Amino acid sequence: MADTILVTRSSIPAMEEYIEEIASMWETHWLTNMGPKHKDLQQQLCGYLGVENVELLTNGHMALELTLQAMNLQGEVITTPFTFASTTHAIVRNGLTPVFCDIDPITFTMDTDKLEKLVTDRTCAIMPVHVYGNVCNVEEIDRIAKKYNLKVIYDAAHTFGETYQGKGIGSYGDASCFSFHATKVFNTIEGGAVCFTDKGLGEALYDLKNFGIHGQEEVSAVGANAKMNEFCAAMGLCNLRHVEEEIGKRKLVVERYREHLENVPGIQLNAVQPEVKPNYAYFPAIFEEKQFGASREEVFTKLAENGVSARKYFYPLTNTFTAFHGQFDVNETPTALHISKRVLTLPLYADLELEDVDRICKIILNCKN
Ligand SMILES: *Cc1c(COP(=O)(O)O)cnc(C)c1O
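Just so it is clear, the model here is predicted, and its values are computed rather than measured. (Residues numbered from 1 in each chain as written. Predicted model: local features only at pLDDT ≥ 70, side-chain atom pairs only at ≥ 80, totals over all residues. Heavy atoms only, no water.)

## A look at the pattern of salt bridges
Where we set the bar: Here, a salt bridge means any Lys or Arg side-chain nitrogen found within 4 Å of an Asp or Glu carboxyl oxygen.
Scanning the model with the defined rule gives 22 salt bridges in all. A network of salt bridges, in which partner residues are shared, links Glu17, Glu21, Lys37 and Arg241.

So this is what it looks like as C-alpha cells:
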C-alpha cells in the first residue's frame, strides 16, 4: 500500500533558519512577555495583513474569547453552527448566548438573508466565520450591524493573507480573529491574533492577555494568560518569509483537484469568489449521494482504506454538541445540517505531491462504481 496521506501537514522553515532566529534569546534570556520577537512579528503582520493594529495571542481561540470580553458584551451573539468548536465556545464561555443563523449553500458563510430576522433587543454582536477562506457578505453584515448598533467580530481563522476588494480581510468589522495553529496556512506552532481599529479595544486586549494587569500596581480586569511567547513569535517570523511561496504551492494543488473533480455530477466544490485574493486553505467537497452514486461516508471510508485521511470538517454542527444538552434546535439551520452531513475536506498542504492528488481523486471517482 502507498504511504499514508494526512489531511494536512504543518509548514516549517529549515531548521538552520529557525535556530538563527532564536539564537539571540541565549543572550537576552527574554522568553515571553512581549519581547523583541513578539514586537517584530506584530509589526510585520500589520504590513502583511494590511491592517492598522495587531494584538498577538497564544492561540486563535483566546483571540475570539478575549475580544468578546474586551467589548464587555451582554446578551445574544448571532453566529453560525458550521464552524470549529472554538467560535461557539468563545461566546458561551463569556456568558453570552449564541443564536444560530443558517449558512449560504454556496459559500457556507452566514446567510445574510436570514440574519436580520434573528436580531432582538438582546442582540449585542454578530460573530460570522469566513469558512474555508470564503469571505462573508461583509457589506450586508455591516449594514445590519450599523442599523442595530451591533459589534461585528469575524472569525478569520481560515483567511490568513486574504484580501477583499484589495483590502486586508482583517480590516473588516470591529475585530477579526486569526489562528496561527500548526494546521493553518500560517503558523506560529500555536498562536493567534486580533486585528482591530479601535485603540481602546487594543489596550483592553493587551491587559486581558496578561491577567488584566494594567501598569505596575493596578489589576483592572479579570484577564487570562494568553501572551504569545518568543519561540512561537520566532517561528512566525520564519514562516512569514515563506508564506507567499507556500500559498503559491497550495494553489497548484487546488487547481489539480479542480481538474479532476470539477463538473462531476453530485460533487460540489468550493465557490471561487470574485474580488477575493484566496489563500487556498482548504479543499472541501460536498457529495450528493443520489447524483454522485456514493455517500460522504462511503468516500470517507474508501479513502481511509487507501491510507488517505480526509476530514468531516465541519461535522457535527456546534449546535448539536452534547456539551449544550439540547439547548439548540438544529432544524433552525437546515442548510448547515445538509452540508455538514455531506462535506469532506480533502488533504491539502503546500508540499502535497500532484501525483498524490491524482491518486486521491481516482479513489474518489471509483467510489461511484
Ligand atoms: C482553528 C480555528 C479556531 C481556533 O484557533 P486555535 O488557534 O486552534 O485556538 C477558531 N475558529 C476556526 C474556524 C478555526 O478553524
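## Concerning the sheet that holds strand E5 (residues 151-155)
Applicable threshold: Following DSSP output, two strands are said to pair if at least two bridges run between them. Strands are runs of DSSP state E lasting at least two residues, helices are runs of H or I lasting at least four, and both sets are numbered from the N terminus onward. In this analysis, axes come from line fits to C-alpha atoms, helices being fitted only over the stretch in contact, and the angle between any two N-to-C directions falls in the range 0 to 180 degrees. Pairs of residues are marked as contacts when any of their non-hydrogen atoms sit within 4.5 Å.
A sheet is described by the order of its strands in space; here 7 strands give the open sequence E1-E9-E8-E5-E4-E2-E3, paired in mixed fashion. A strand with exactly one partner marks an edge of an open sheet, and here the two such strands are strand E1 (53-57) and strand E3 (97-100). Put simply, the sheet's adjacent strands are angled 25° from each other on average, direction ignored. Alignment of E5 against strand E8 (residues 175-179), held across 3 bridges, turns out to be parallel. Across the sheet, Asp155 pairs through a bridge with Cys177, a residue of E8. Helix H4 (residues 60-70) contacts E1, strand E4 (123-127), E5, E8 and strand E9 (192-196) of the sheet and is inclined by roughly 160° relative to E8.

## As for the nonpolar core
Counted only if it meets this: Side-chain atoms within 4.5 Å link the members of a nonpolar core, which is a set of buried Ala, Val, Leu, Ile, Met, Phe, Trp, Tyr and Cys residues. Throughout, exposure labels follow a simple rule: accessible area from a 1.4 Å probe, protein chains only, divided by the maximum for the residue type, with under 20% read as buried, over 50% as exposed, and the rest as partly exposed.
Counting residues in hydrophobic clusters, the biggest one holds 88 residues, and the most contacted among them are Leu45, Phe82, Tyr257, Leu303 and Ile364. The dominant element in this core, judged by the number of residues it contributes, is helix H8 (residues 230-261), at 10 residues. Sequence-distant contacts of Tyr257, that is, excluding residues within four places in its chain, are made with Glu262, Phe283, Leu346, Pro347, Leu352, Val357, Ile360 and Cys361. Of all hydrophobic cores here, the second largest spans 25 residues; its members include Leu66, Met71, Leu201 and Ala226.

## Topic: H8
This is how it is decided: For a residue, the bend is simply the angle between two axes, fitted respectively to the seven-residue segment ending there and the seven-residue segment starting there. Identification of polar contacts relies on pairs of N or O atoms within 3.5 Å, with a donor-acceptor requirement for protein atoms, meaning one able to donate a hydrogen and the other able to accept it, and with residues adjacent in sequence counted only if both atoms are side-chain atoms.
At His242, H8 is bent by approximately 50°, the largest bend along its length. Backbone nitrogen of Phe231 and a side-chain oxygen of the N-cap are separated by 2.9 Å at the start of H8; the cap is Asn229. At the exit of H8 stands Asn263, carrying a positive phi of roughly 65°.

## Considerations on the sheet that holds strand E12 (residues 284-287)
The strand order E10-E12-E13 describes an open sheet built from 3 strands, whose pairing is antiparallel. Two strands close off the open sheet at either side, each with one partner strand: strand E10 (267-269) and strand E13 (343-345). For this sheet, the mean angle separating the axes of adjacent strands, direction not counted, is 25°. Bridge count for E10 against E12 is 3 bridges, and the pairing is antiparallel.

## A word on unusual backbone geometry
Across the junction of Tyr313 and Phe314, the peptide omega takes the value 20°, indicating a cis bond. With respect to the helices, strands and loops of the structure, Phe314 is situated in the loop between helix H10 (296-305) and helix H11 (334-340). In this structure, Pro316 follows Tyr315 across a cis peptide bond, with omega equal to -5°. Structurally, Pro316 can be placed in the loop between H10 and H11. Positive phi, normally seen in glycine, also occurs at Asn33, with a value near 60°. By relative accessible area, which is 37% here, Asn33 ends up partly exposed.

These values are about where atoms sit, not about what they do.
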